[in-house]
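# Topology and contacts: notes
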Amino acid sequence: MHKNFLCLKDCSADELNYLLRRAIKLKSRFKAGEVYRPFEGKVLAMLFEKASTRTRVSFEAGMAQLGGTSIYLNTSETQLKNEETIEDTARAVSRMVDLVMIRTGPHSRLEAFAKESEVPVINGLTDFAHPCQVLADLMTIRERKGSFKGLKLCFVGDGNNMANSLIVGGIKAGMAVRIACPAGYLPDAALMDWARKTGDFDCQPDVLGMAKGADVVYTDVWASMGQEGEAEERRAAFAGYQVNQAVMDVANAGAMVLHCLPAHRGEEITAEVLEAHADEIFEEAENRLHAQKAVLVRLLG
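Residues numbered from 1 in each chain as written. Predicted model: local features only at pLDDT ≥ 70, side-chain atom pairs only at ≥ 80, totals over all residues. Heavy atoms only, no water.

The next point concerns the nonpolar core. Counting residues in each nonpolar core, the largest one holds 56 residues, and the members touching the most others are Phe5, Ile122 and Phe201. It is helix H5 (residues 131–145) that contributes the most residues to this core, seven residues altogether. The contacts of Ile122, once residues within four sequence positions are left out, are Phe5, Phe59, Val100, Met101, Ile102, Leu110, Cys132, Val295, Leu296 and Leu299. By size, the runner-up hydrophobic cluster in this structure holds 25 residues, among which are Tyr185, Val207, Tyr241 and Val243. (Core = buried A, V, L, I, M, F, W, Y, C linked by side-chain atoms within 4.5 Å. Buried < 20%, exposed > 50% of the residue type's maximum accessible area, 1.4 Å probe, protein only. Helix = DSSP H or I, 4+ residues; strand = E, 2+ residues; numbered from the N terminus. Contact = heavy atoms within 4.5 Å.)

Reading across from one edge, S7-S6-S5-S8-S9 is the order of the five strands in this open sheet, with parallel pairing throughout. Edge positions in the open sheet fall to strand S7 (201–204) and strand S9 (256–259), since each of these has one partner strand only. Strand-to-strand twist in this sheet, taken as the mean axis angle between neighbours without regard to direction, amounts to 15 degrees. As judged from the five bridges shared by strand S5 (residues 152–156) and strand S6 (residues 176–180), these two strands associate in the parallel manner. Considered in S6, the bridge of Val156 is made with Ala180. In the packing of H5 onto the sheet, contacts are made with strand S8 (216–219) and S9, and the angle to S9 comes to roughly 160 degrees. (Pairing = 2+ DSSP bridges. Axes fitted to C-alpha atoms, helices over the stretch in contact; angles between N-to-C directions.)

A few words now on the sheet that holds strand S1 (residues 43–48). Strand pairing in a sheet relies on backbone hydrogen bonds, with the paired strands running either antiparallel or parallel. Across the sheet, four strands lie side by side as S2-S1-S3-S4; this open sheet has parallel pairing. Edge positions in the open sheet fall to strand S2 (69–74) and strand S4 (121–125), since each of these has one partner strand only. Going across the sheet, the axis of each strand differs from the next one's by a mean of 20 degrees, ignoring polarity. Looking at chain direction, S1 and strand S3 (residues 99–103) are connected through five bridges and run parallel. Across the sheet, the residue bridging to Ala45 is Val100, located in S3.

This is the structure we're talking about:
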């Protein structure tokens, strides 16, 4: 594994499999009430340039459960608001802590921080990728389905950071991956080219065609953070890209539904489908904790 955890593309299939096995084991130990605190005296700095619920709670709780501590840094409360560069912030902060997690916008900003950091850096979300979320997604699929062999994953909606990371994670796990999204909102072209050459992948505007025979149906909000001004335009563009009963009717019997949350019921997913699959969706949210603990443990050896 690389020094950092910035993108699933950096992980080999074996490394991804290791992280998933480790996450499932850590979850089992946690559920059994076992105390595992290898991080006594270790500190995680968490730099948030975008709002968060699950990312902040899961990293703070995970670090505490592993015996360490965490420091929450909001951009508005740091010298970044006074135009200190991200590189200088990295050079200073990384001398004081053992790990850094960043949630930001441009992926290049994350990479600039990581380049100057003296300690491992974790991607808590960028506009390009959300590897921590997809690690938890894959963990949930493995727990529920037993393995990835022969499975088809279909993502319906915006070709955003979630679509990008699901393409990479799904292909590396050995699943067939289908993306249903309208023209003009496609996932990263280079990643799609890689996926077509590496595994079983297709991306088309036909929702029912892409969802046919799916074992896992996934969706995300139509307008992500920072796109609020495009909300009305996106509602029009994505009007037919909803996970509803018609989609589930063409998926395989027993198909899972996943959503990275927060969900906008009645937009990208109906309330009925979300509630019918709430157990797996909220276990997926819980698994952020355990998947990220696996990353933390791996990066700190």
